[in-house]
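Summary of structural features
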Amino acid sequence: MSDLKIQNSNLHYRVYGEGEAIVLAHGVGGNHAIWYKQIAVLSRSYQVIVFDHRGFGLSTDVEGLGRSAYVSDLKALLDYLEIKQAVLIGQSMGGGTCVSFAASYPERVKALVVADSLHAFVETDAVKAIMDHARSTTNDLSQIDRVLGAQFRDANAADILLYGLISGFNKTDRHTLVGQYEKVLAPQDFASLKIPTLFISGMEDLLFPIEAVRLLQSEVPGSFLVEVYEAGHSAFFERPTEFNDSILSFLAMSGVKGLKRSLHSNAPGYAPVKG
């Protein structure tokens, strides 16, 4: 475990495995530890970097910059680790970090995964209408009800407890988060960057409804969309096998080779899409 000094703040990060670099950027309810279901798989064939956004986990934010420093923090971390180019995977708030970073430094991004997020994208009128309704109807929900799907909550008491424990280490929450992403782009402008991009979202996500994700993703030519069945806002946590296999398939399509030929689960137990 390590910390990088940035001005008067510390950015906590950890590195696992070897190979092509993959950076995982967490959401408001998480920190570096929330990715344990991805680290265990991806680090067998790639170098996986997890970190705490300033004000979360073991990172500090003495300057009180919040989101305004997320892009510069990520650049400082990649520079310090001497990583010229990386795959970025961002969930929710972390998706905004990765999208904004890609918009600012496209040459540093080998591929991008936007997980349960539309942060740092300009919302079209149609997307905004869906998102405004979602923001209104979820504002008073508890953190667990916001980020974990109903079916997952009903059947996974231990995971819900662990999620809460991990989240409890954060000094910042959605009510105290400050700052704005460094750069926000319209979907068409983002598409012009020519970065291989995958959107992956839970079909029961209350915060970023799948209808909004479908609309925005359709405006990013060449991008892909994976819809995860019976998952809410935290598809990576609720359906890790499907999430990880989707990431691995996307990396293969994008030419990001791992040290091992395949890490796919080949699990026979995927739930069929109903309806």
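Everything below is about the structure printed above this text.
Presented here is a report on the structure given in the accompanying data block. Since this is a predicted model, take the numbers as computed values, not measurements. In this numbering scheme, every chain counts its residues from 1 along its sequence in written order. Only residues with pLDDT of at least 70 get local features here, since the model is predicted, and only at 80 or more are side-chain atom pairs given and counted; chain-wide, interface and lining totals rely on the full set of residues. Only hydrogens and water are set aside; all other atoms, that is, all heavy atoms of the structure, feed into the side-chain values.

1. Observations regarding helix H9 (residues 210-217)
Among all positions in H9, only Ile-210, Ala-212, Val-213, Leu-216 and Gln-217 are buried. Buried residues of H9 fall within an arc of 155° about the axis and therefore sit on the same side. Contacts are assigned to residue pairs that have any heavy atoms within 4.5 Å of one another. Helix and strand assignments follow DSSP, with helices taken as H or I runs no shorter than four residues and strands as E runs no shorter than two, numbered in order from the N terminus. Those residues of H9 that are buried lie in contact with helix H4 (125-138), helix H8 (187-191), strand E7 (197-202) and strand E8 (224-228). Type-normalised accessible area, obtained with a 1.4 Å probe on protein chains alone, sets the label of each residue: buried when under 20%, exposed when over 50%, and partly exposed for intermediate values. Taking the helix axis as origin, the arc is that swept by the directions to the C-beta atoms.

2. Thoughts on the packing of aromatic side chains
Aromatic rings from Phe, Tyr and Trp, taking only the six-membered ring of Trp, are treated as a pair when their centres fall within 6.5 Å; an angle between ring planes under 30 degrees marks them as stacked, one over 60 as edge-to-face, and anything in between as tilted. Tallied over the entire structure, the rule returns 11 aromatic pairs. Centre to centre, the rings of Phe-121 and Phe-199 are 5.9 Å apart; their planes meet at 35°, and the pair counts as tilted. Of this pair, Phe-121 sits in the loop between strand E6 (109-115) and H4 while Phe-199 sits in strand E7, placing them 78 residues apart in sequence. Of the two residues, Phe-121 and Phe-199, neither departs from the other in class, the shared state being buried.

3. So, the layout of surface pockets
Looking at the largest pocket, its volume works out to about 710 Å³. Of all the secondary structure elements, the ones that give two or more residues to the lining of the largest pocket are H4 and helix H5 (143-147). When residues of the lining of the largest pocket are assigned to their parent elements, the largest contribution, four residues, is made by H4. Class assignment of the residues belonging to the lining of the largest pocket gives a composition of 16 nonpolar, 13 polar and five charged. The definitions used throughout rest on a 1 Å grid laid over the protein atoms alone, on which a cavity is an enclosed set of points accommodating a 1.4 Å probe that cannot get out and a pocket is an open set flanked by protein within 12 Å on both sides along at least five of seven lines; lining residues are those having an atom within 4 Å of a point. Grid points are joined across faces, edges and corners, and a volume is the space filled by probe spheres set on the points. The computed volume of the second largest pocket comes to approximately 170 Å³. What lines the second largest pocket is simply Ser-45, Tyr-46, Leu-248, Ala-252, Val-256, Lys-257, Gly-258, Lys-260, Arg-261, Ser-262, Leu-263 and His-264. Amino acid classes used here: Ala, Val, Leu, Ile, Met, Phe, Trp, Tyr, Cys and Pro are nonpolar; Asp, Glu, Lys and Arg are charged; the rest, including Gly, are polar.

4. A look at the sheet that holds E8
At least two DSSP bridges between two strands are needed for those strands to be called paired. Spatial ordering of the open sheet is given by E1-E2-E4-E3-E5-E6-E7-E8, a layout of eight strands whose pairing is mixed. Each edge of the sheet is formed by a strand with only one pairing partner; in this case those strands are strand E1 (2-6) and E8. Sheet twist, expressed as the average angle between the axes of neighbouring strands with direction ignored, equals 20°. Direction of pairing for strand E3 (residues 21-25) relative to strand E5 (residues 86-91): parallel, over a ladder of four bridges. Residue Ile-22 lies in a different strand from E5, and its bridge partner there is Val-87. Where helices are involved, their axes are fitted lines through C-alpha atoms of the stretch in contact, as for all axes, and angles between N-to-C directions lie from 0 to 180°.

5. So, the pairing of E1
Pairing analysis gives five bridges linking E1 to strand E2 (residues 9-16), with the strands arranged antiparallel. Paired with Ile-6 across the strands is Ser-9, a residue of E2. If you look at the hairpin formed by E1 and E2, you'll find two residues sitting between the two strands, and Gln-7 has a positive phi there, around 55°.

6. Describing the side chain of His-12
Residue position: His-12 is located in strand E2. Judged by relative accessible area, His-12 falls into the buried class, the value being 1%. Counting of polar contacts relies on pairs of N or O atoms within 3.5 Å, with two restrictions inside protein: one atom must be capable of donating a hydrogen and the other of accepting it, and residues adjacent in sequence are counted only when both atoms are side-chain atoms. A distance of 3.2 Å separates the side chain of His-12 from the backbone oxygen of Ser-2, its partner in a polar contact. Within the structure, the side chain of His-12 is placed 3.3 Å from the side chain of Asp-3, a separation counted as a polar contact.

7. Concerning H4
Here the expected length of a helix is defined as 1.5 Å per residue gap, with one fewer gap than residues. Taking 1.5 Å as the rise per residue, H4 with 14 residues should run 20 Å; its terminal C-alpha atoms sit 20 Å apart, in good agreement. If you check which residues of H4 are buried, you get Val-127, Met-131, Ala-134 and Thr-138. Taken down its axis, H4 places every buried residue within 55° of arc, on the same side. The exposed residues of H4 that point more than 90 degrees off its buried face are Asp-125, His-133 and Ser-136. Buried residues belonging to H4 abut H5 and H9.

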